[in-house]
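For reference, the chains in residue letters:
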Amino acid sequence: MKHVLFAASECTPFVKSGGLADVIGSLPQALAKEGMNVSVILPLYKEIINSDYRSKMEEVTVFSTPVGWRNQYTRILKLKDRGVVYYFVDNEYYFNRDGLYGYIDDGERFIYFSNAIIEFMYRTDEIFDVLHCHDWQTGAAVAIGSIKRPHPGMKTVYTIHNIKYQGWFHHSGFGELLNLEMEHFAGFEWHGMMNIMKAAIHHADIVTTVSDTYAKEILTPFFGEGLESVLESRAEDLYGIVNGLDVVDYNPLRDKALDYRFKSSRKTKLKNKLVLQEALGFEVNKDIPMYGIVTRLVAQKGLDLIRHILHDFLESDVQLVVLGSGEYEYEEYFKSLEVNFPGKVHVTLGFSEPYARRIYASCDFFIMPSLFEPCGLGQLIAIRYLNAPIVRETGGLKDTVIPYNEFDHTGNGLSFENYNAHELLGKLEYSLRLYQEPEHMDALCANMLASDYSWANSAKQYVELYEKQ
C-alpha cells in the first residue's frame, strides 16, 4: 500500500481561502477508499490555533529547519480526522498571523514551510512513497524532494491548480532561503528571477493539473502565463485530472442550509426558490426563471461579458441573485444593477457559505462564463443542486458541462465557445425558451441528476499515476 504525503497551504475543514482547500480536504479521503495510506501536511495558521482542532493535536517532534544561513524553530503536531493523518508545521513567526497570504515575506514563509516538510521527512519514522505538492506555496518542497529524495525511491508529484499564481521572487532568495548547491539554481531561475512554480514543474517526476482541457490549454501562450515552454518540455509527464466534488458535504438531501431538502424532485427544489423570492422582495412566482451568480468579482470570471449584455437580458421576465466580492468596478456595476432593476436583481457583496448553498438550491440557471477556469467548483455544485450551468467552454467547464441537445435530450447544461458577449446572450435567451418547455427542463434535470462528479473516478486516476514507474 502506497503512503502518500500531501503538502498544501490550505485544507478544509481547518482553513480555507479558495478551491484548493476543498481539493485537499476531500481528495485524500477518496484516495484512502482506494487503498492508499494518505497523510497531509499544512502550516499551523492562527485561524487553526484558535479553533477547536488545536486542542486535539499531539506533538510529534521539534527540530530546527535551515532557511539559508538561519535555523528556524519547527514543531510538528498531529491530528487524525476522517481516516487521514494531518500534520501541522508550527512556527509562530511565520504563521501566527491574520489571514493566510498577502504578506511581503510570503516567499520566505512558504520556502520555510517547504524546507520544514523535507526536514520532517528525514526525521519521521514514517516512510512516504509519494510526495504530492500543490500550487506554488509548496513548489519548493517538490523541487527539493526531487533533488534530495529523503526516502529512497520516493516519487514526486506536483499539481497546478492555477498557473497564474507562480511565486516570483528576487533571484537572491535562492542563496538566502534554500539550502541547495548553486548547480541547482538554473532549475529555479526564470527570466532573471526565481520562479517557484517553474522549479516545481522542472523537477517533479509527474506534473498534473485539474482538468484535461486545462492541461492542453496551458501549453499555449494565452493560458500558459509564460510557462508554456517549460510545460512543453515536460509534456510527456503532464496529466489532466478533473477535480471532483465532495458529494457528502454538497448533498441537497442533507444540506441544513436549505429551506427544503431534495434529491431528485424538481417540484421540491422549486419550493426553495419561492422562499428566496419572498426573502429578497422578488415577485413570488415559480414560472419566473431565477439566475444565480456566486463568484469572485474579478475579470477571470467573465464579468466583462456579463456587463455588455446583462441590461438587455434583464428586460425579460427574469430574476438575478448575485453573491461575491472582488474588484471595485465589478462590485459597483452589480450594485447599480440592483438600483436599476428593483425587484428583479439582488446583490450581496461578500461571501456566506449557507447563503451560497441557498442560491444554488433555488436558482434554475447558474451563470459562469469564465475567461479561463482550471477546473471550477461552482458548476459542479450547481449540477449537484439541479441548477443548470451556463458556461464558456474552457478548462474544467468544458470537461464537466455537456451542452444540452434539445433533439435527443442529452446534456447537463448550456455552453458557448468563444469569449464573446453576444454568444453568452444567445445562451441566456436560449435558456429562457427552454424554461418555458417542461420536457426540456425535466430532461436537463434528469441529466444533471445522472452526472457523477464525485472524487471516486479522479482518485482512481491519481492512484494509477502513483503506481507508474
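Below is a short write-up of the structure. Model, not experiment: these values are computed from the prediction.

Things to note about the sheet that holds strand S10 (residues 193–195)
- The three strands lie next to each other as S8-S10-S9, forming an open sheet whose pairing is antiparallel. Every interior strand has two partners, whereas the edge strands, strand S8 (168–170) and strand S9 (189–190), have only one.
- In this sheet, S10 lies alongside S9 in antiparallel orientation, the contact comprising two bridges. In the sheet register, Glu 189 faces S10, and the bridge partner there is Met 194.
- Contacting S8, S9 and S10, helix H8 (residues 196–203) runs over the sheet at an angle of about 60° to S10.

Regarding the environment of Asp 287
- Inspection of the secondary structure puts Asp 287 in the loop between helix H12 (266–280) and strand S13 (290–294).
- Residue Asp 287 is classed as partly exposed on the basis of its relative accessible area, which comes to 48%.
- Considered as a pair, Asp 287 and Ala 200 are 87 residues apart in the sequence and their alpha carbons are 52 Å apart.
- Discounting chain neighbours no more than four positions away, the residues touching Asp 287 are Tyr 435 and Gln 436.

A short note on a positive patch on the surface
- Taken together, the side chains of Arg 254, Lys 256, Arg 261, Lys 263 and Arg 384 present a region of like positive charge at the surface.
- Looking at the element boundaries, Lys 263 is found in the loop between strand S12 (238–240) and H12.
- A residue is classified by how much of its surface remains accessible, and Lys 263, at 57% relative accessible area, is exposed.

Observations regarding the pairing of strand S2 (residues 37–43)
- With respect to burial, S2 is a largely interior element, six of its seven residues being buried.
- Chirality of the crossover, the property in question, places the unit of strand S1 (residues 3–7), helix H1 (residues 19–33) and S2 among those that are right-handed.
- Both S2 and strand S5 (residues 84–90) contribute to a ladder of five bridges, which runs parallel. Within S5, the position partnered with Pro 43 by the bridge is Val 89.

Remarks on helix H19 (residues 438–450)
- With 13 residues, H19 ought to run about 18 Å at 1.5 Å a step, and its terminal C-alpha atoms sit 18 Å apart, in line with that.
- Regarding H19, the residues found buried are His 440, Met 441, Ala 443, Leu 444, Cys 445 and Met 448.
- Buried positions along H19 lie against H12, strand S16 (365–368), helix H16 (378–384), strand S17 (388–392), strand S18 (414–416) and helix H18 (421–435).

Considering the packing of helix H4 (residues 106–123) against helix H5 (residues 139–148)
- Viewed as axis vectors pointing N to C, H4 and H5 meet at an angle of 40°, and their least axial separation amounts to 8 Å. With respect to H5, the element H4 is oriented oblique. Of the two elements, H4 crosses H5, and the hand of that crossing is right-handed. Taking contact as the criterion, the partners of Ile 111, Ser 114, Asn 115, Ile 117, Ile 118 and Tyr 122 in H4 are, on H5, Ala 140, Ala 141, Ile 144, Gly 145 and Lys 148.
- The class makeup of the residues in the contact of H4 with H5 is seven nonpolar, three polar and one charged.

Side note on helix H15 (residues 353–362)
- Of all 10 residues that make up H15, seven are buried, and the element is covered over most of its length.
- Buried residues in H15 make contact with H12, S13, strand S14 (319–324), strand S15 (345–349), S16 and H16.

Things to note about unusual backbone geometry
- Residues Thr 12 and Pro 13 are joined by a peptide bond in cis, for which omega reads 5°.
- As for its placement among the helices and strands, Pro 13 is situated in the loop between S1 and H1.
- Positive phi values are uncommon outside glycine, yet His 191 reaches one of about 55°.
- Counting through the fold element by element, His 191 comes out in the loop between S9 and S10.
- Here His 409, not a glycine, exhibits a phi torsion of approximately 60°, which is positive.
- With respect to the element layout, His 409 can be found in the loop between helix H17 (395–400) and S18.
- Residue classification places His 409 among the partly exposed positions, given a relative accessible area of 27%.

Criteria and thresholds
- For every chain, the first residue of its written sequence is number 1, and the numbers climb from 1 along that sequence.
- Under the rules for a predicted model, residues below a pLDDT of 70 receive no local features and side-chain atom pairs below 80 are neither given nor counted, while totals for whole chains, interfaces and linings still include all residues.
- Water and hydrogen atoms play no part in the side-chain values, which are based on all heavy atoms of the structure.
- Between any two strands, pairing holds if DSSP finds at least two bridges.
- The way it works is that DSSP assigns letters per residue, a run of H or I at least four long becomes a helix, a run of E at least two long becomes a strand, and they are numbered from the N terminus.
- When checking whether two residues touch, look at their non-hydrogen atoms; a contact exists if any pair is within 4.5 Å.
- Only the stretch in contact is used when a helix axis is fitted, and all axes are lines through C-alpha atoms; the angle between N-to-C directions ranges over 0 to 180 degrees.
- Summary of the burial criterion: residues with accessible area below 20% of their type's maximum are buried, those above 50% are exposed, and those between are partly exposed, where the area comes from a 1.4 Å probe applied to protein chains only.
- Patch definition: residues with relative accessible area over 30% and no salt bridge; like charges joined within 9 Å; nonpolar side chains (Val, Leu, Ile, Met, Phe, Trp, Tyr) joined within 5 Å.
- Accessible areas in this description were obtained via Shrake-Rupley with a 1.4 Å probe; residue shielding takes into account the shown protein chains only.
- Whenever Lys or Arg places a side-chain nitrogen within 4 Å of a carboxyl oxygen from Asp or Glu, that contact is recorded as a salt bridge.
- Note that His is not counted, nor are the chain ends; the positive residues are Lys and Arg, and the negative ones are Asp and Glu.
- To locate a charge, the coordinates of NZ of Lys, CZ of Arg, CG of Asp or CD of Glu are taken.
- The definition of a right-handed crossover adopted here requires that, viewed with the strands pointing away, the path from the first strand over the helix to the second runs clockwise.
- The span you would expect from a helix comes to 1.5 Å times its residue count less one.
- Here roughly perpendicular refers to angles of 65 to 115 degrees, roughly parallel to angles under 35, roughly antiparallel to angles over 145, and oblique to all remaining angles.
- The handedness criterion is simple: a crossing whose near helix is rotated anticlockwise from the far helix by less than a right angle is left-handed, and one whose near helix is rotated clockwise is right-handed.
- Under the convention adopted here, Pro, Cys and the residues Ala, Val, Leu, Ile, Met, Phe, Trp and Tyr are nonpolar, Asp, Glu, Lys and Arg are charged, and Gly plus all remaining residues are polar.

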